[in-house]
Structure formats: C-alpha cells, structure tokens
Amino acid sequence: MKIPSIRTAYRRLYGRRLLIPLAALLVSTLAPAGAVQAATVSLAWDRVNDARVALYELRYGTNQNTYQTGGSLVSKAATADATQTVTTANLDPGTYFFAVRACDSNKALCSAFSEPVSKTISTGSSDTTAPTVTAFTVPATASTLTVPITTFTATDNVGVTGYLVNESPTKPAATASGWTTTKPASYTFASAGSKTLYAWAKDAAGNVSASRSAGVTITMAAAGCTGDTLWSAATTPAVASASDTSAIEVGVKFSAASSGYVCGVRFYKGSRNTGTHVGRLWSSTGTKLAEATFTNETASGWQQVNFATPVAIQANTIYVVSYHAPNGGYALDEGYFSSRGVTNGPLTAPRSSAVGGNGVYRHGSGFPNSAYNDSNAWVEPVFTTASTPPPPTDTTAPTVTAFTVPATASTLTVPITTFTATDNVGVTGYLVNESPTKPAATASGWTTTKPASYTFASAGSKTLYAWAKDAAGNVSASRSAGVTITMAAAGCTGDTLWSAATTPAVASASDTSAIEVGVKFSAASSGYVCGVRFYKGSRNTGTHVGRLWSSTGTKLAEATFTNETASGWQQVNFATPVAIQANTIYVVSYHAPNGGYALDEGYFSSRGVTNGPLTAPRSSAVGGNGVYRYGSGFPNSAYNDSNAWVEPVFTTAPPASTSLAKSMTTATPLVTTAEPDGVEDTASSPPLPLSSLPMEVGEIQLDNAWLWVSFQGEYTDPIVIAGPLSDSDPDPVVVRVRDIGPTGFWARVQKWDHLLDGTHAQGTLGYLVMERGRHQLPSGTWVEAGRLESDMTSAFTSISFERRFAEAPVVLTTVTSENAGDAIAARVRRITRWRFEVGLMEQEGSAQERLAERVDYIAWEPATGVLDGVAFEVARAEQVTDSGLTLFYQYPLAAPPMLLANMQTANENEAAHLRWRNKDLMAVDVWIQKEHGAAYADEAVGYVLFGVADQ
C-alpha cells in the first residue's frame, strides 16, 4: 500500500539544534512464505534527504499501542536510493502494525515514527488440491499449422491461476515456461501430420492438474497455388484426346529463369482421358520430388492439382513435370517441340534438340524418359517465386506398420509377403536390407515401390529389416522378420564308388574320438559332384558333415546330413553341385563327432576300386589312400591303407536347378500353323531361371521361320534381348522379335531386303528375358531393363537411365516389334553413367523413314560373378571389325557359354550386325557383318556371358 509522506509533523531534536524530518512509509506487500500460512511483509518508504541520516528503524507488532516501544525492531542502513525497503519474514497469522523513523549513526538524533500501516495475515490450512480440466477440444482436422482451441474449461477449490497447452503428456512444473493467466485461443504446431495436444491448469499454491488431451490431423495444401504456367488457360491442343488407350505417364521438360517453387501440376483433359490422374514432379535424372492425385476434375479442359508441400527449384535447371493417364486418351500435338520451345514468363519448355528430346513419356507409370516425335502432351508446372508457399519442414518419419516373410525358404530369393508403411505426408521410398543400422535417405537400394522379394547371398538363418522414407528425407524405424533358408540340390543321383548293397567288414569302429575320414578319388570325365555318401554303423552317432576338397586342401563344398537312418548308407546333397575336372584327384570326407566310423584296414594296400567313371586309387599310386584327421578339417593322414567307406555322388550333367547346358538345347517344334505371312513353328525352349534376379536365359536354334519361345516363369512386363546369331549361314541377317507376352515371344532371323530369297539356315541364338525395371544383384551390381520407341532411322535419340550407374554400363538392345516389314537393326552409342543414344539402321538405299519400332534394352554394370550356380561376365571389348576379334573369358568355363552382345559405338553409320563363331570353354570369336558383307571399321562391343564355372 502507498502511504503519503507526512512533511508537517516534526520532532525537535536537541543537542546541535538540528531537525530530521519524519520518514514516510510508502508501501507494504504481503507474500506467502511456502506451503504454511506464515508470511513475509515487504515495506518501502521515501528516502529522507538529510545528510545526517545513517539508518532507519522499523518497528512492528500486533499491539497498536505498544509496537513502537515494545514491538520487533529491524534496523536498515540508509542508502542513496530514492526508495528505501526492508522485508520482515515468517510472520504468524494476525494483524500487524508497522512504522519507520530515520536516525543518525549513534541514534542520538531520530525523527518521529511515520504514520503506521497495518497488514493482516490470515489463518487457514494449506491448499493441496489441484485444479481439474473439465473440457478440452480442438477440431479433428485442420489445414494450417495454427489450430483453434474450441473448448478449454477448468475448476479449482480456490481458483485457477494458470493455463497451459503443449504436446507433451508429462505434467509440467508450475514454474515452467508457457503458462498464461488466460485460456489460450489457439496452438501453433511446427509441422503437419497427426498430432495430440494436452491441456493443463494450475492454482496459486502451485498445484497442477491432470491433463486432458485432444487430437488433430493437419493436412496442408498449397493454398493459393497460383503463378506462372507454360500456356494460358485459353490455349488448347490440336488433339485433345489421343486414341491410345494404354496406361501412360506423359510429361514435359522445363526450366525457370529464377529460383522459386513448383506448387502444382496442370494438364489438358480430353473426353477419352478417364480414370484417376496423378501429377508428379521429377529431377532431370528421375528422382521424384512431389506427387499429388487430381480430384474434382471437370469433364474436359485444364485440370490442376496442388502439392501438399511446394517444391523449391533452382534457376536455369531442367526438371520434368508429368501426370499418369491410366486409360490413355491424353492430349497430343506431334512435332510440337521439333523446331521450337515455348516460353511464358519465367518458364521455358525447350525444343527437343536442346534437351535430348522433349515431350516425354513412359508406358505404365514412372519417370518418363522416352520421347516420341517431339510430341506435346500438354502438361505444365504451376510456378511461383513467392517465398511464402512452403510450409514448415516435415520432421515426422514414416512408420512401417507391417513386414513379414515366410519362416522358411528353399531358395536364396525370398518373397516379401507383407510390407506396409504410413506417413503424415506420404511414403516415397522403401528399402529392405540385412542391417539393423538406420540407412540414410540417400543410400543406395531405395525404391519407390515396395519390393516383392529379397535375394540373399547364401543360405542359413537370416534377418531382414524393412525401412520407409518420405520426401523430406525422414527415415522410419525398422521392422524385422526372420527366415531360415535350406537349399537342397534336388535330383542328386549318379555314380558312386560302391553300390548300395556293398557293406564294410567293420560297420562301426571302437574309436570314439571326433574324426574326419575320407577317400581320394578321380573321375574319368569332367562332371559334377552333387553330394556325399557314407556307411553308418550303430556307434556312429551325432551330427555328420560331408565335405569335398581339392587335393591340396581347398574346401569346395560342405553340407550337413539330415534325416539319417540308424545304420546303412547315408547321403547329403550340396546346395550347388561342384564341377570337377577329368583325371584329377579330389578328396571327399565326412566328420564323425563321436567316432564309430566304418573301417576296413588294408583295403587300399594292393588295390583300388573303380565303378563306372569313378576310381579310388590304391595307396601306392596317390601317396596313401583312406585318409583321416582327428578333429575336423582337411584329412591328409593315412593309416594302414584303411577304407572308412565314404564316397562322392558324381554326374556328368548337373541337376536341372543349375544346368545351363540344358537351357541351350534346340527348341523342339510342337505345332506347325500357317499364317498369311508364312509358316510359323511353335516350339518350347527349356530356359534357365535365375532366382537372384527376375530373369532367365537360354539358347535356341533359329532360322527365317517364326518360332515361339516359351518362358519358364510368367512375367508382368518382360524385356527380351536376343542375339547375336552364330555364323552357320554366312548371309547377312538381323534378329527379329515380336509379340512379347507374359509367357513367351516370337522370334526369327531376317535377311536384309536385297537378299531376295529370304531363306536362312538355322543358327544358334542366345536370349535373355528380365522383368522391366531396375534390379540389384547380391554383389551390389545394378541392372536396368527398359523399353523405348524409336523411328530415328539414320539418327540417334538420347535415352536417360532411371538412375545413374556407378560406371558406364554395357547396353544391349533388340528391336521387339515388326511395324514395318523390312529389315532393321538397332544401334547404340555415347554410353555414359547417365544415358545412351539409340537409333535404327535400315539397309542402304532405303528411305530411312519408317513407323516407330519398339526397342528393348538391358543396361548392366561391368561385373563378373555367380548367380544361382551360373557364372556370368559383363564386359566390353575394343576394336572389333569385320575380320573379327577373339574374346577370352575372364575365367575358364566347364561348358561353352551363352552369349549376348551388341556394338557399343557407331563409328560407321551403316546397317550392320554382330555374328559369332568358334565358341568353346575359353573364348569366342565375334565379328561385324555389314548388310552387303563389305569391310567395316572397328567398333567397341559389349557382351554378357552365362556359363558353368570351371572350378
């Protein structure tokens, strides 16, 4: 409280006849001193402006008549401050009176006491009852980060003194920041998504309520997405709705003169353009930057969709904007970008020649990186330079809600049975790997669609981890699933050293030590060891492991015996049969952990044993036979030429699961049918499936009659590469493929048109079929299988890969349609990590103008390795001419491989094709055949080999 200064009442002080004016009490303030009702009182008064004043005396008490003489005393030294203050503490309940006077240093001179002030300290118990939040609501959905609070009520036994709303379920302290004395009207979030708010109340005693919560889902649209476009709303296409009814992604390459934001996509809609349309923004290399689904479309005319988050783009940088038309019917102006681009304000869609083709498309859905006739499909970005459109950064990571794989598998490729994920804005990437460490959003292996399977490098107990990411680069926590892979070499039968009826003299020795026992053997011809057999006696217990070794101790294969009988011959099959060389010593053995092995001493002293192609030599011929090692490992000791009755299972042809040779047999004609354009042979070729990739390879015998080639599996969108043809007939030819379907394709060889008879003798042709898309081998090597359309005869068009390769790949192409009847060859050149150029070549003298043809391609990073027991080699050879070049394989093979090859350069702009001859275990001769058989300059050649490794 404020007490006026009393300046008229003085007490005369004698001595030096000096007067000190009366001190005036100005303010007293009551404050509680904790949970109990004892209190402190703060008092303040005006400074007495007299040099003699050295201190002040404050007197207080509960008796109004005696407090100035008998009450409590507080002395305070005078200061130069205009207001003097003092605090009394721990006052019990009651009414107190306070007065102050000014004195000199020894209290010889003092003023009169000021007019008193009083304070009452109330009695009562401590308040320990917290408030109650009785109601708290917010809207269920919102489109902005600031969400209104529609209801917030709270009660307290004394009174509510503070309100707080936050995103934490942990009770806040009464002294925490954020409390307000009035109820907040709204709350502002940092990002969009599914959110929960918590409401709290407190009272004067510091008691904090329990919370009430309310949820809201914030979905932010690029509100007011207006700005520059390539065409005005009044501009319309020449063809509003094309007759094509195939699902397609159509788009346009564009750039902006200044940095800014793309907040939406527009396209012109014709009457046949039905179904759900999805707009997308891409980088020039195929990274998807944004996606949104069109809603509330009109029957025709310009349509627009806004991105949830506008995307920042850089000035003078090429981007691609597109939309998906599930039923075709898109707008189309052919030749639009041939000789011109279009500029409107800051936006430019360049002419085709400036950007390697404009007016881009992709059959199906995905990054549109093919161009056809410089056609405009009338799709455009909505661009703004304003800095306000982008909402705050999305920091909420996706959630992997489910991930399952089978508990067991018999192949290295395991199907993913369930993979679901959610995100507040949208999931943009999926990854499955074998590491529990969270991957970076920029790590290799992310895909825009959920993977259907995962391929392991080896069998055993495995754990997979599933991850999801969003456009902002947030990566989810993982979900894991386990699988146990047990691979068997199905159909492992063949020659052995002893018949099943042969038994040892001693079925189970008395030795109980852990031991590895084996036999040295050779085969009269090259072939495969697919398993191990041993004779088991009653004391031979425990888990047995069979092994195959080279003569110097290199372990070539190993497998654990299962489902054994109590005694007799036991067999285990290797996961991958092992190729062995003729007349070469190997060792086959097994581990007996508790001894008890079969034993005939002296067996190999004066004899060996031969059964069919297999021989176990007598001891003197191989430095001791009947070998052993105590413990486990390569058995290289011999004792008394003893036979422990262990043997290999040998075959000269590998089982079907790993046989490449089987896939190279001639296709057998099944049905012959006549068609208007000639005779077509229907044949079934047994191809080789490779489970590590969605692909298979094979070889067929092919002539000028159409031949149906059946796939072993069924494909959704197969890409087919065929050729080159062997040189069994010297006439120049090209390989033609058409009508590729889920289960096979038609193929034939076609002579160049100047060779009028059209007939051609059978030659050998390799082919590969792979599911369209981008695939990664277990070793990390990438392969891309794609398709394009081209009518660029005697000219080339640039094709961008879906993603950049680590190094320039080998590119193989095949023309896979027959829209025109004359012979044609596809040629590639200028292959880089990002793109390649492709063109069609007709024979000399042709008009070099034709209908567009479909071209399939495979781009495979250079590599060597083994896929499912099949060796492969992807490489490039330089300076191949019409005289030929011998390609030596990087590793020797057990059988002649299947060859795929294409020229990788176009140093001569002539119609030509590759041919091959003299293919054996070490090398193959390849040469360039011009349509007229003339000399040809050197070209680089890329090739892919598949064969059985010579181990």
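Residues numbered from 1 in each chain as written. Predicted model: local features only at pLDDT ≥ 70, side-chain atom pairs only at ≥ 80, totals over all residues. Heavy atoms only, no water.

Here we look at the overall build of the protein
Just so we agree on the cut-off: Note on conventions: DSSP H or I runs of at least 4 residues are helices, E runs of at least 2 residues are strands, and numbering of each starts at the N terminus. Relative accessibility under 20% of the residue-type maximum defines a buried residue, over 50% an exposed one, and the middle range a partly exposed one, all with a 1.4 Å probe and only protein chains included. For this analysis, residues touch if any pair of their heavy atoms sits within 4.5 Å. Under the convention used here, a 1.4 Å probe and the Shrake-Rupley method define accessible areas, while residue burial counts only the protein chains that appear.
Counting its secondary structure elements, the protein contains 3 helices and 68 strands. Looking at the protein residue by residue over its 951 residues, the buried ones come to 52%. Here the contacts in the protein between residues at least 6 apart in sequence split such that 74% fall between residues at least 24 apart. Total accessible area on the protein is roughly 39,800 Å²; 49% of this is exposed by carbon and sulfur atoms.

A few points about the state of the cysteines
Cut-off, in case you're wondering: In this description, a disulfide is simply a cysteine sulfur pair whose atoms lie within 2.5 Å.
In total, this model carries 2 disulfides according to the counting rule given. Across the disulfide, Cys225 is cross-linked to Cys263 (sulfur-sulfur distance 2.1 Å). Taking the sign of the torsion about the S-S bond as the criterion, the disulfide between Cys225 and Cys263, at about 90 degrees, is right-handed. Taken together, the positions of Cys225 in the loop between strand 15 (212-218) and strand 16 (248-256) and Cys263 in strand 17 (residues 260-269) put the pair 38 residues apart, joining distant regions of the chain. The pair formed by Cys225 and Cys263 is uniform in burial state, with each residue classed as buried.

Topic: the pattern of salt bridges
Note the following rule: Whenever Lys or Arg places a side-chain nitrogen within 4 Å of a carboxyl oxygen from Asp or Glu, that contact is recorded as a salt bridge.
On inspection of all chains with the given rule, the structure shows 28 salt bridges. Note that Arg772 and Asp717 form a salt bridge whose closest N and O atoms lie 3.4 Å from each other. You can see Arg772 sitting in the loop between strand 54 (763-771) and strand 55 (773-776) and its partner Asp717 sitting in the loop between strand 50 (706-710) and strand 51 (718-726), a full 55 residues away along the chain. The closest approach of N and O atoms between Glu908 and Lys930, which form a salt bridge, is 3.8 Å. With Glu908 in the loop between strand 65 (898-903) and strand 66 (912-917) and Lys930 in strand 67 (residues 923-930), this residue pair connects regions lying 22 residues apart in the sequence. Through salt bridges with shared partners, a single ionic network connects Glu249, Arg280, Lys288 and Glu291.

Describing the packing of aromatic side chains
As a reminder of what qualifies: Within 6.5 Å between ring centres, the rings of Phe, Tyr and Trp (the latter by its six-membered ring) count as paired, and their orientation is classed by plane angle as stacked under 30 degrees, edge-to-face over 60, tilted in between.
If you walk through the whole model with that rule in mind, you get 40 aromatic pairs. Both rings, one in Trp302 and one in Trp378, keep their centres 6.4 Å apart while their planes meet at 65 degrees; by these two values the pair is edge-to-face. Taken as a pair, Trp302 in strand 20 (residues 301-313) and Trp378 in the loop between strand 25 (370-371) and strand 26 (379-384) lie far apart in primary sequence, 76 residues in all. Since its relative accessible area comes to 15%, Trp302 is described here as buried. On the accessibility criterion, Trp378 (2% relative accessible area) is buried. Consider the rings of Phe534 and Tyr590, whose centres lie 3.9 Å apart with planes at 20 degrees: the pair is stacked. You can see Phe534 sitting in strand 36 (residues 527-536) and its partner Tyr590 sitting in strand 40 (residues 586-592), a full 56 residues away along the chain. Judged by its relative accessible area of 0%, Phe534 is buried.

Considerations on the sheet that holds strand 26
Applicable threshold: The pairing criterion is simple: DSSP has to find at least two bridges between the two strands. Only the stretch in contact is used when fitting a helix axis, every axis being a line fitted to C-alpha atoms; angles between N-to-C directions are given from 0 to 180 degrees.
Judged by pairing direction, the sheet is antiparallel, and its 3 strands sit side by side in the order 20-17-26 without closing on themselves. Edge strands, defined here as strands with exactly one partner in the open sheet, are strand 20 and strand 26. When the angles between neighbouring strand axes are averaged without regard to direction, this sheet yields 25 degrees. Relative to strand 26, strand 17 is paired through 6 bridges, and the arrangement is antiparallel. Each residue of the ladder has a partner; that of Val265, found in strand 26, is Pro381.

Quick look at the nonpolar core
Generally speaking, a soluble globular protein has its nonpolar side chains buried in company with each other. Our working definition: Among buried residues, those of type Ala, Val, Leu, Ile, Met, Phe, Trp, Tyr and Cys that are joined through side-chain atoms within 4.5 Å constitute a nonpolar core.
Of all hydrophobic cores here, the largest spans 38 residues; its most connected members are Phe254, Leu281, Ile313 and Tyr323. Listing elements by their share of this core, those giving two or more residues are strand 16, strand 17, strand 19 (288-293), strand 20, strand 21 (319-325), strand 23 (347-349) and strand 26. Filtering out sequence-adjacent residues up to four positions away, Leu281 remains in contact with Phe254, Val262, Thr287, Lys288, Leu289, Ala290, Phe307, Val311, Ile313, Tyr319, Val320 and Val321. Of all hydrophobic cores here, the second largest spans 37 residues; its members include Ala559, Ala598, Phe604 and Ala644.

Observations concerning the pairing of strand 3 (residues 55-61)
In terms of residue burial, strand 3 counts as a mostly covered element, since 7 of its 7 residues are buried. Neither face of strand 3 is open: one carries Leu55, Glu57, Arg59 and Gly61, the other Tyr56, Leu58 and Tyr60, and all of them are buried. Looking at chain direction, strand 3 and strand 4 (residues 72-77) are connected through 6 bridges and run antiparallel. Its bridge partner being in strand 4, Glu57 is matched across the sheet by Ser75.

Side note on the side chain of Asp333
Here is the rule: Positive charges come from Lys and Arg, negative ones from Asp and Glu, while His and the chain ends are left out of the count. Identification of polar contacts relies on pairs of N or O atoms within 3.5 Å, with a donor-acceptor requirement for protein atoms, meaning one able to donate a hydrogen and the other able to accept it, and with residues adjacent in sequence counted only if both atoms are side-chain atoms.
When you line up the elements, Asp333 lands in the loop between strand 21 and strand 22 (342-344). One buried charged residue, Asp333, remains without a salt bridge, the closest side chain of opposite sign being Arg340 at 5.9 Å. At 2.8 Å, the side chain of Asp333 forms a polar contact with the backbone nitrogen of Ala238.

Observations concerning the confidence of the model for the protein
To be explicit about the condition: The predictor attaches a confidence to each residue, called pLDDT, with possible values from 0 through 100.
Here the protein averages 84 in pLDDT, while 86% of its residues score no lower than 70. In this model residues 388-392 is a low-confidence stretch, pLDDT under 50, and it forms 10 contacts with partners more than four residues away in sequence or in other chains. Residue range residues 655-686 is modelled with pLDDT below 50. Its contacts to residues more than four positions away, or to other chains, number 78 contacts.

Remarks on the sheet that holds strand 68 (residues 939-947)
Strand order in this open sheet of 4 strands is 62-63-68-65, and the pairing throughout is antiparallel. This sheet does not close on itself; its edge strands, each paired only once, are strand 62 (863-867) and strand 65. Each adjacent strand pair in this sheet contributes to an overall mean axis angle of 20 degrees, direction not counted. Relative to strand 63 (residues 870-880), strand 62 runs antiparallel, the two sharing 5 bridges. Bridge assignment links Gly865 to a residue of strand 63, and that residue is Phe872.

Describing the environment of Val158
Within the secondary structure layout, Val158 lies in the loop between strand 11 (151-155) and strand 12 (160-166). Val158 gets classed as exposed once you look at its relative accessible area, which sits at 62%. A C-alpha to C-alpha distance of 9.5 Å links Val158 and Ala130, two positions 28 residues apart in sequence.

Notes on the environment of Val48
Along the chain, Val48 turns up in the loop between strand 2 (39-46) and strand 3. Spatially, the C-alpha atom of Val48 lies 9.3 Å from that of Thr83, the residues being 35 residues apart in sequence.

Regarding unusual backbone geometry
In the segment running from Gly723 into Pro724, the intervening peptide bond is cis, with an omega of 10 degrees. Positionally, Pro724 belongs in strand 51. The backbone phi angle of Lys107 is positive, close to 60 degrees, even though this residue is not glycine. Relative to the elements of secondary structure, Lys107 occurs in the loop between strand 6 (94-103) and strand 7 (117-121). Accessibility expressed as a relative area gives 38% for Lys107, which makes it partly exposed. Look at Asn373: it is not a glycine, yet its phi comes out positive at around 55 degrees. Turning to its location among the elements, Asn373 is positioned in the loop between strand 25 and strand 26. The exposure class of Asn373 is partly exposed, given its relative accessible area of 34%.

Observations concerning the side chain of Arg547
In this fold, Arg547 is placed in strand 37 (residues 545-550). By relative accessible area, which is 9% here, Arg547 ends up buried. A polar atom in the side chain of Arg547 sits 2.7 Å from the side chain of Glu516. Side chain to side chain, Arg547 and Ser632 meet in a polar contact 3.4 Å long. The residues touching Arg547, leaving out its near neighbours within four places in the chain, are Glu516, Val532, Lys555, Ala557, Glu558, Phe574, Val587, Val588, Ser589, His591 and Ser632.

Things to note about the environment of Asp920
Its place among the elements puts Asp920 in the loop between strand 66 and strand 67. Relative accessible area serves as the criterion here: at 37%, Asp920 is assigned to the partly exposed category. Taking the C-alpha atoms as reference, Asp920 lies 9.4 Å from Ala894; in sequence the two are 26 residues apart. Ignoring any residue separated from it by four or fewer positions in sequence, one finds Asp920 in contact with Tyr889, Pro896 and Pro897.

Overview of the pairing of strand 59 (residues 825-829)
Most of strand 59 sits inside the fold, with 4 of its 5 residues counted as buried. Here 5 bridges tie strand 59 to strand 60 (residues 835-841), and the two strands are oriented antiparallel to one another. Along strand 60, the bridge assignment pairs Ala825 with Met841. As consecutive antiparallel partners, strand 59 and strand 60 are separated by 5 residues, and within that stretch Arg830 has a phi angle of approximately 50 degrees, a positive value.

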